[in-house]
Each structure stands twice: as C-alpha cells, then as structure tokens.
Amino acid sequence: MPLALLALAVGAFGIGTTEFVMMGLLPNVADDLHISIPAAGHLVSAYALGVVIGAPVLAAVTARMPRRRVLIGLMVLFVVGNAVSAVAPDYHSLMVARFVSGLPHGAFFGVGAVVATSLVAPERKARSVSLMFLGLTVANIVGVPVATAMGQQLGWRATFLAVSAIGLAAIAALAALVPADHGHGATVGVRSELKALGSVPVWLALGTTVAGFGALFSAYSYITPMLTDAAGFAEGSVTLLLALFGVGATIGNLAGGRLADHSLRGTLFGGLTSLVAVLALFPLLMRAEWSAALAVLLLGMAAFTTGSPLQLMVMEKASAAPSLASSANQAAFNLANAGGAWIGGLALAAGLSVTSPALTGAVLAVLGLAVAALAYAVDLRRGTTGSAPGRLVATHVPSEAEPARR
C-alpha cells in the first residue's frame, strides 16, 4: 500500500480526535464558560451541523481542483477551526469555531477516499479506504482518551491546540506523500455532479449508511449509563471500555476492507446482520462485567465492518461524481449520529430500561438490512450485479492518472 495512505490516516486521526473529544470535555467547558451541560452539548451538535453542510458544499466547490491541493486546503481549515476553538473567549464564539472545525470533515474523507482508491489496483480499493479510516478508529483508542486526559489536566483549550498540531502534521504529510499528479478532479459541472448524485442506487446506499450507523449511535450514545447502571462498572472504568470499543472498530474496519475486496455486498450484509445480533443481545450481555466488555468490543467490530463497503458502494454508484458522493456519505454518517442518539433517547424517555437504546438500534439495523436488500434488488433489475454471489460490479471510476476527457 502506498505511503500516501499514511498521510490520509494522519488527517483522519486528527478529525476523529476533535469530533469525539468534546463529549469527554463537556463538564470542563461548561465550568470554564459558566454554562450548563446541556448548553455545552450543543457544541457537539454545532460540529455535526458543520459536517453535514460542509461535506457536499465543499466537495462540489472544489470538484475541479487538484485533489492534493483540496486535501491540504481542507486541513488548513481544520487547523484554523481548532486553533480558534482554543482561544475562543466565550460560548458563542466557541460555537462558531466548532461549526468551522466540522466543515472540512466530510469533504476530507470524501476526497480522501477517491484519492485512496486511485492509488491502488481495483482489487484493493476497499482495503485502501479502510486504511484511511484506520486513523479514525485509532483516534478512539489513543487520540480521544489522551486528549481528554490532557484537557482535564491542562485545561480544555490545550486539547484543541494539540489537535491543531496534529492538523499541521497532516498538512506536512499530505504535501510530502500524496503525489502531485494525483491531481485533478472531475471536469464535469456541478449540475452534472448533482445529477449523478440523484440516482436511486446512490440514495439507497446513503439510506443504508443512515440506518446502519444510526443503529450504532442509538446504543453507543448511551453506552456509559448501560455500563455503569446495568453492568455495574465504576465510572472511572468507562474510558478504558470506550478504548475497547475503538479496538473493536479498528479490527472491524480492517477486516471489512479486506473482505469487501472479495465480496462487497456479502461483507455489507454480514456486517449488518452481525450488528443486529449484537444489539439484540445487549440487554443480556450487560448483566455481567465480562460480557458487557465483550459487547462493547463486538459492537465496534460489527458496526465498522460496514464502513468501507458503504463508502465504496456510494462512490461506485455515482462514478461521475465520486468525490461529491463520497462526501455525502460522510454527511449521512453524521445524520445517523444525530438521528440514532435521538431515537435511543426516545426509548429512555418512554421509561424503558437503560439498555433499551440497544434494542431500538437493533430495529434500525434491521431497517438497514432491508434498504440494502432493496438496493440489491434494484441492481438485479438493472443488471448491474456480477456473476459471483454478492459481488458488486463497480462502475468504472476514472483513475486520476488517466487523461481527462475533454
């Protein structure tokens, strides 16, 4: 695998760290800015809103620019957003800075996935995407716990300065390792790209992302009360257990990328089925500490097995606008984050058990399977599935090394 994937992974590590670290720093931020915990929680929403808006807009605006330049520019915006967060004088300015920090998130992963797949042979595309996502999953093992501890000891502003430094390292790595001739994006106009994004198969793939990862976040958003109230863990153990989730996510991500290069649909269906099973068993597994720890590990594995297949499927279904489609998939991921947490919260608000968000997540995972099955049926009708069982035939994505068609 080319070293350029390492540069993409470094950027993904920084993005993953800043996305999730705020959840661990909410009490510190609230105390320092003299606001309530719920008000501080809106900073998480501001970041997610930036992702949802920035992903398609920045991908469309930069579609004709050299992709290495786009990636570096997105990381510059990332550094600026986090540096401003570190010096924000009040709540409202921090809210704006977090929104700005979220803007490059989806576009970076979207454009990065296109660059990653263009650097490798066709049979290694899913694996290349999983290696870029490796930075995101490792951030949950190392970046978030370390950044949270730093914020608790040195103040939350130090955390965002450190994240800015990671962004600068990513800029240097991108400039040094991503080939300059892996350059130019699509030559089609924005209207043509939006038309490519509007096909039924693309929207079914995006719908699978929303339902599948909504299932994850329905449970994961409330994993702390499940571990403390149901499984009996002390609050001090939760950070270690969340790192265990990151280990599972890393294993699932790498396995999903390797398996998807052999059977894209088979890996997707297998991952979603595993997610249904894990979430359905959550109430039972949360009855003892050892089985609860196993449940956290399995949750990360099952959910992130589907990450690379979904990213690649969206790109292949919108081959005329892979950067825009790939970025839209990241927006869908963040909609899943917000929607899954909301649906899981409804179960708790209804007075159901502390593990009920996992069961609502299982229902969402079943919905994801249904949407994926519908997408497969549409492909069968259109004759776009391959002869091998479960293998999706990729619509040709032009390599950046190929001359652009005029």
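Draft legend 1. Seen up close, the packing of aromatic side chains. Enumeration according to the criterion identifies nine aromatic pairs in this entry. Ring centres of Phe217 and Phe333 lie 5.5 Å apart, and the angle between their planes is 80°; this geometry places the pair in the edge-to-face category. Here Phe217 is found in helix α8 (residues 200-220), whereas its partner Phe333 is found in helix α14 (residues 322-349), with 116 residues between them in sequence. Residue Phe217 is classed as buried on the basis of its relative accessible area, which comes to 4%. Exposure remark for Phe333: the relative accessible area of 10% places this residue in the buried category. An aromatic cluster of at least three residues, connected via ring pairs, comprises Phe213, Phe217, Tyr220, Phe245, Phe304 and Phe333.

Draft legend 2. Broad picture of the nonpolar core. Within the largest apolar cluster, 96 residues are counted, with the highest numbers of intra-cluster contacts made by Leu216, Phe282 and Met286. Aside from chain neighbours lying at most four places away, what touches Phe282 is Ile223, Met226, Ala295, Leu299 and Ala358. Counting 18 residues, the second-largest nonpolar core is a separate cluster that includes Met22, Val29, Leu33 and Trp156.

Draft legend 3. Structural view of the side chain of Asn334. Residue placement: Asn334 occurs in helix α14. Within the structure, Asn334 has its side chain in polar contact with the backbone oxygen of Gln330 (distance 3.1 Å).

Draft legend 4. Layout of helix α3 (residues 67-87). For α3, with 21 residues, the first-to-last C-alpha span of 31 Å sits near the 30 Å given by 1.5 Å per residue. Buried residues in α3 make contact with α1 (4-33), α2 (37-61), α4 (91-118), α6 (156-177) and α14.

Draft legend 5. Representation of the environment of Val21. In this fold, Val21 is placed in helix α1. On the basis of relative accessible area, Val21 is assigned to the buried category, the value being 0%. Once the C-alpha coordinates of Val21 and Val146 are considered, the two residues, 125 residues apart in sequence, prove to be 9.3 Å apart.

Draft legend 6. Summary view of the pattern of salt bridges. Throughout the structure, instances matching the rule amount to four salt bridges. Between Arg265 and Asp379 there is a salt bridge, with the nearest N and O atoms lying 1.9 Å from each other. Residue Arg265 is found in helix α11 (residues 264-285), and its partner Asp379 is found in helix α15 (residues 356-382); the two are separated by 114 residues along the sequence. For Arg265, a relative accessible area of 1% corresponds to the buried category. When the shortest N-O distance is used, the salt bridge between Lys317 and Asp379 registers 2.7 Å. Of this pair, Lys317 sits in helix α13 (residues 307-317) while Asp379 sits in helix α15; the two residues are 62 residues apart in sequence, bridging distant segments of the chain. For the pair shown, Lys317 and Asp379 are each scored as buried.

Draft legend 7. Focus on the packing of helix α5 (residues 125-154) against helix α10 (residues 238-260). Interhelical geometry of α5 versus α10 gives an angle of 175° and a closest axis separation of 9 Å. Taken as axis vectors, α5 and α10 run roughly antiparallel relative to one another. Of α10, the residues touching α5 (which contributes Ala126, Arg127, Ser130, Leu131, Phe133, Leu134, Thr137, Val138, Asn140, Ile141 and Pro145) are Thr239, Leu242, Ala243, Gly246, Val247, Ala249, Thr250, Asn253, Leu254, Gly257, Arg258 and Ala260. Within the contact of α5 with α10, the residues separate by chemical class into 13 nonpolar, eight polar and two charged.

Criteria and cut-off values
- Within any chain, residue numbers begin from 1 and follow the written order of that chain's sequence.
- A pLDDT threshold of at least 70 governs which residues receive local features in this predicted model, and a stricter bar of 80 or more applies before side-chain atom pairs are shown or counted, although totals over entire chains, interfaces and linings include all residues.
- Note: side-chain values were computed over all heavy atoms of the structure, leaving out hydrogens and water.
- Aromatic rings from Phe, Tyr and Trp, taking only the six-membered ring of Trp, are treated as a pair when their centres fall within 6.5 Å; an angle between ring planes under 30 degrees marks them as stacked, one over 60 as edge-to-face, and anything in between as tilted.
- Only DSSP runs of H or I with at least four residues qualify as helices, and only runs of E with at least two residues qualify as strands; both kinds are numbered from the N terminus onward.
- We call a residue buried when its accessible area falls under 20% of the maximum for its residue type, exposed when it is over 50%, and partly exposed in between, using a 1.4 Å probe and counting protein chains only.
- Residues belong to one nonpolar core when they are buried, are Ala, Val, Leu, Ile, Met, Phe, Trp, Tyr or Cys, and are joined through side-chain atoms within 4.5 Å.
- Contact criterion: two residues are considered in contact whenever any of their non-hydrogen atoms come within 4.5 Å of each other.
- Between N or O atoms, a polar contact is any pair within 3.5 Å; within protein, one atom must be a potential hydrogen donor and the other a potential acceptor, and residues adjacent in sequence are included only when both atoms are from side chains.
- Expected span, for any helix, means 1.5 Å times one less than how many residues it has.
- Salt bridges are defined by distance alone: a side-chain nitrogen of Lys or Arg within 4 Å of a carboxyl oxygen of Asp or Glu.
- For helices, the fitted line uses only the C-alpha atoms of the stretch in contact; every axis is such a line through C-alpha atoms, and the angle between N-to-C directions lies from 0 to 180 degrees.
- Roughly parallel means an angle under 35 degrees; roughly antiparallel, over 145; roughly perpendicular, 65 to 115; everything else is oblique.
- Put simply, Ala, Val, Leu, Ile, Met, Phe, Trp, Tyr, Cys and Pro go in the nonpolar bin, Asp, Glu, Lys and Arg in the charged bin, and everything else, Gly too, in the polar bin.

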